[in-house]
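Report on the structure
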Number of protein chains: 2
Amino acid sequence: MAKKKKQSSKGVLDGIKGIANGIYRKILKKKSPELVSPLRSLANVTYNPKDGYFEILGKKKKRDLTVSTVKTFAQTLRVMALSKELVEKDDIATKREAYYVSKNWAEARFKEQPESDSVIDDVEAMMMVNREQLGFIPEEKGGEIAGKLIVIDHDLDTKKKLRIDCTKFGSGAYSIPSAVEHLKFETKAKFILAVETAGMFQRLVKHNYWKKANCILVSMGGVPTRACRRFIRRLSDSKKIPVYVFTDGDPYGYFNIYRTLKVGSGNAAHINEYFCVPHAQFIGITPDDIIDYKLPTHPLKDVDIKRAKDALKNDPFVQHYKEWQKAIKKQVGMKVRAEQQALAKHGLNFVISDYLPKKLKNKKTWLP
Amino acid sequence: MAKKKKQSSKGVLDGIKGIANGIYRKILKKKSPELVSPLRSLANVTYNPKDGYFEILGKKKKRDLTVSTVKTFAQTLRVMALSKELVEKDDIATKREAYYVSKNWAEARFKEQPESDSVIDDVEAMMMVNREQLGFIPEEKGGEIAGKLIVIDHDLDTKKKLRIDCTKFGSGAYSIPSAVEHLKFETKAKFILAVETAGMFQRLVKHNYWKKANCILVSMGGVPTRACRRFIRRLSDSKKIPVYVFTDGDPYGYFNIYRTLKVGSGNAAHINEYFCVPHAQFIGITPDDIIDYKLPTHPLKDVDIKRAKDALKNDPFVQHYKEWQKAIKKQVGMKVRAEQQALAKHGLNFVISDYLPKKLKNKKTWLP
């Protein structure tokens, strides 16, 4: 499948008009119109380490206009029209708002939000852009920044350029907006450090770790939001800086957080291209760290073990990396997990004085 | 009970030393030492509209040193010692980190985090300060700011003053730190608007609503965190500006979010004094709004109805305000709830062009 790059808003509008025109012409010819989008599932995905993300394969889903599909067909066109309006007006809508807007679409209104979400996902896949470019923003925000970075945004009325200096927020931070395509960056930082918990982030901020290490700190607050992932991706791409990920030492940290950030996820394969951070490296707590640092642990929960075994069996990312297979098998054997804050056993700031400097110096302790 | 005001770090240190000295002297006299803290429960709480928060009554919990209490007694002293160290070094620890630090306390180590959390809460109540002043910060952050506000913080190394202008974040926002006692403010805003969802906040930011309305926007992202509540409280107190709260029209929005922000909660009564925002007013979706604006609704869930009935029966805040009793009874009768984003039925920006301006003009549509 030919890859499409980030589209301008004109590109998005042209795409919507192109699809609409195709349907219009079919109808004029008295033929049944159809909508085509890629099949979104793990079965239609491949992992190619060169590109570095779960890539969608060629399987397609075709929706003909028939008696049984007429409502979804109409809804899809309505969502495309709403997207066109949003992009033209430089406005935004959450998926929840889009659902409520549909309440005025008479017979084409959505009964429940999962219906409208699914149609928005279809349109996203059909256009091969991320839905933020269609004007649809996530409900949740998330992701905070502190350190050696200047974010360039603009005043939303005057369009005047704004330089947001992330070294100037004291104990606070810069909160990433829901859509980040328009942001530009200035930085001389040596790396981006993406941290799992807000508590660890606050520790690193409190001690100005970014100053000592010449880096940019990102608080993911658990599984990173789309905006947070896209922000890290655009920043690391445009400034050519490496991304290091610091999570707990458990399958949730490895797969739900790190793997999702690095290569994306299966059920959103059509947008991984935009949201993955292929060059990310794992410098979080590994099974070896648990032993080497004698960390306090908790028993692996059943759900952890299931997650680990699923990953070994089904995850193309894990299947690609022997190092991860080895680490997971070791951890399942140890039957324990450890949190990043467990380093506090050796003193609250051991993470700053010892753990991070040693990790960063010794690539052998990383995971790919 | 005599109210204590916010304590300086010297005050906190003196308090810790005072308690420790008392115990030391008792031991020298060969008497059994004891620790006294107020009983923390709804049964030991009163609602006084003049003060405006759930206030703790005189019931106390005494912990003597006996064979069966020796471990908790030792742990309490250890936590006080940790707090002393944190305050002296101007450092912080999450409750999770404090738990891990205890792993080096030999027999006094905590087995599970709920044990250490409970001891931290006891020390907090014993000292009658909020635990952020003891150096213990919450795990989660939360709360974002945009609009007519300058936050004064300082560089954590150089101590140089930092002026953070919340009109200069473009589509982003200022993220509130975990501890906010040291912040100062400059503003000429007319009010603070605290918003339930990140999605609605992003809409108001995208359209520079704060500029038109001359206000400060706060995204609570659901139930506001301690840091977010304390930030709003300190800002509105020090600058004498009103606080308006904009939530969904459901019992969760009314009680878990608005009531918690305004008067605090029962199980944390000893700290409501610091975290409540007594002058907050409710301008969110009311049962009358659901009718007047013909909003799309969802059926009340069983948990909503239970929450509403519990509030009528047991909540001293609701028992104080006839307006709330009337509103809740009406809503339970209507059997529906509506979200703030349901206003999108009338157009995505109806909330900015109609709902908020009308609400702000007409106090009769508010709830107390």
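Just above, that's the structure.
Residues numbered from 1 in each chain as written. Chains lettered and ligands numbered in written order. Predicted model: local features only at pLDDT ≥ 70, side-chain atom pairs only at ≥ 80, totals over all residues. Heavy atoms only, no water.

1. Details of the overall build of chain A
Counting secondary structure elements, chain A contains 14 helices and 17 strands. Once the C-alpha set of chain A is aligned to its principal axes, its extents read approximately 75 × 50 × 35 Å. Scored against the burial criterion, the 368 residues of chain A give a buried share of 59%. Considering only residue pairs separated by 6 or more positions, chain A has 74% of its internal contacts joining residues 24 or more positions apart. About 15,400 Å² of surface is accessible on chain A, with carbon and sulfur atoms providing 53% of the total. Within chain A, the 42 negative side-chain charges are centred at a point lying 4 Å from the centre of the 69 positive side-chain charges. (Helix = DSSP H or I, 4+ residues; strand = E, 2+ residues; numbered from the N terminus. Buried < 20%, exposed > 50% of the residue type's maximum accessible area, 1.4 Å probe, protein only. Contact = heavy atoms within 4.5 Å. Areas by Shrake-Rupley, 256 points an atom, 1.4 Å probe, with all protein chains shown as cover. Lys, Arg positive; Asp, Glu negative; His and termini not counted. Charge placed at Lys NZ, Arg CZ, Asp CG, Glu CD.)

2. What about the pairing of strand β14 (residues 243-246) of chain A?
Residue and element names in this part refer to chain A. Judged by which residues are buried, β14 turns out to be covered on both faces: Val243 and Val245 on one side and Tyr244 and Phe246 on the other are all buried. Alignment of β14 against strand β15 (residues 281-282), held across two bridges, turns out to be parallel. Bridging from a neighbouring strand, Val245 pairs with Phe282 of β15. (Pairing = 2+ DSSP bridges.)

3. Overview of the sheet that holds strand β14 (residues 243-246) of chain B
On the basis of which strands lie adjacent, the open sheet formed by twelve strands has the order β15(A)-β14(A)-β12(A)-β13(A)-β7(A)-β10(A)-β10(B)-β7(B)-β13(B)-β12(B)-β14(B)-β15(B) and mixed pairing. Unpaired on one side and paired on the other, β15 of chain A together with β15 (281-282) of chain B mark the two borders of the sheet.

4. Quick look at the relation of the copies chain A and chain B
Overlay of chain A on chain B (RMSD 0.0 Å): rotation 180 degrees, translation along the axis 0.0 Å. Expressed as an axis order, the relation between the two copies is that of a two-fold axis. Take the interface residues of chain A: 100% of them recur as interface residues in chain B, which is what a same-surface contact looks like. (Least-squares fit on C-alpha atoms with pLDDT ≥ 70 in both.)

5. Remarks on the environment of Gln340 of chain B
Residue and element names in this part refer to chain B. Among the structural elements, Gln340 can be located in the loop between β17 (336-337) and α14 (350-361). For the pair Gln340 and Asp155, spaced 185 residues apart in sequence, the C-alpha separation works out to 38 Å. Not counting residues within four places of it along the chain, the set of residues in contact with Gln340 comprises Val195, Glu196, Thr197, Met200, Phe246, Thr247, Asp248 and Ile285. Reaching out from Gln340, the side chain makes a polar contact with the backbone oxygen of Phe246 at a distance of 3.0 Å. (Polar contact = N/O pair within 3.5 Å; in protein donor to acceptor, adjacent residues only side chain to side chain.)

6. A word on the packing of aromatic side chains
Residues and elements named next belong to chain A. Summed over all chains, the structure comprises 39 aromatic pairs over all chains. For the pair Phe191 and Tyr244, a centre-to-centre distance of 5.3 Å together with 45 degrees between the ring planes defines the contact as tilted. Placement of the pair is Phe191 in strand β12 (residues 191-195) and Tyr244 in strand β14, with a sequence separation of 53 residues. Each member of the pair, Phe191 together with Tyr244, is buried. (Phe/Tyr/Trp six-rings, centres within 6.5 Å; stacked < 30°, edge-to-face > 60°.)

7. Some thoughts on a positive patch on the surface
A surface patch of positive charge is lined by Arg25, Lys26, Lys29 and Lys31 of chain A. If you trace the backbone, Lys26 of chain A turns up in helix α1 (residues 9-28). (Patch = residues over 30% accessible without salt bridge, like charges linked within 9 Å, V, L, I, M, F, W, Y side chains within 5 Å. Salt bridge = Lys/Arg side-chain N within 4 Å of Asp/Glu carboxyl O.)

8. Thoughts on the interface of chain A and chain B
Contacts between chain A and chain B engage 58 residues on the former and 58 residues on the latter. By the criterion of area lost to chain B, the three top residues of chain A are Tyr100, Leu156 and Lys206 of chain A, representing 13% of everything that side buries. For the interface between chain A and chain B, the tally reads twelve salt bridges. We note a salt bridge from Asp155 of chain A to Lys211 of chain B, for which the minimum N-O separation is 3.1 Å. Remark: the boundary between chain A and chain B carries 38 residue pairs in polar contact (both at pLDDT 80 or more). Counting only elements with at least two residues in the side of chain A that touches chain B, the list comes to β5 (93-94), α3 (95-101), β8 (150-154), β9 (161-165), β10 (173-175) and α5 (198-206) of chain A. A per-element tally of the side of chain A that touches chain B places α5 of chain A first, with seven residues. Grouping the amino acids of the side of chain A that touches chain B by side-chain chemistry returns 22 nonpolar, 18 polar and 18 charged. Across three bridges, the pairing between β10 of chain A and strand β10 (residues 173-175) of chain B is antiparallel. (Buried area = accessible area lost by both parts, 1.4 Å probe. Nonpolar A, V, L, I, M, F, W, Y, C, P; charged D, E, K, R; others polar.)

9. Regarding the sheet that holds strand β11 (residues 184-186) of chain A
All names here are of chain A. The antiparallel open sheet is built from three strands, whose spatial order is β9-β8-β11. Strands at the two margins of the open sheet, each flanked by one partner only, are β9 and β11. Within the sheet, the average angular offset between the axes of one strand and its neighbour, ignoring direction, is 30 degrees. Pairing analysis gives five bridges linking β8 to β9, with the strands arranged antiparallel. From the neighbouring strand, Ile150 faces β9, where its bridge partner is Asp165. Across the face of the sheet, helix α7 (residues 226-239) comes into contact with β8 and β11 while running at roughly 55 degrees to β11. (Axes fitted to C-alpha atoms, helices over the stretch in contact; angles between N-to-C directions.)

10. Let's talk about helix α4 (residues 113-127) of chain B
Residues and elements named next belong to chain B. Given a rise of 1.5 Å per residue, 15 residues ought to cover 21 Å, and the 21 Å separating the end C-alpha atoms of α4 matches this to within 8%. Counting buried positions along α4 gives twelve out of 15 residues, so the element sits mostly inside the fold. One or two positions beyond α4, positive phi appears at Met128, with a value near 55 degrees. (Expected span 1.5 Å × (residues − 1).)

11. Some thoughts on the packing of helix α5 (residues 198-206) of chain B against α14 of chain B
Residue and element names in this part refer to chain B. α14 packs onto α5 with a crossing angle of 100 degrees between their chain directions and a minimal axis gap of 10 Å. Judged by the angle between their axes, α5 and α14 are roughly perpendicular. Facing α5, whose interface residues are Met200, Arg203 and Leu204, α14 presents Val351, Ile352 and Leu356. Counted by class, the contact of α5 with α14 contains five nonpolar, no polar and one charged residues. (Parallel < 35°, antiparallel > 145°, perpendicular 65-115°, else oblique.)

12. Comments concerning the nonpolar core
Residues Tyr174 and Phe231 of chain A together with Phe231 of chain B are the most contacted members of the largest nonpolar core, which totals 92 residues. The contacts of Phe231 of chain A, once residues within four sequence positions are left out, are Ile145, Leu149, Val151, Tyr174, Ile176, Val180, Leu183 and Phe185 of chain A. (Core = buried A, V, L, I, M, F, W, Y, C linked by side-chain atoms within 4.5 Å.)

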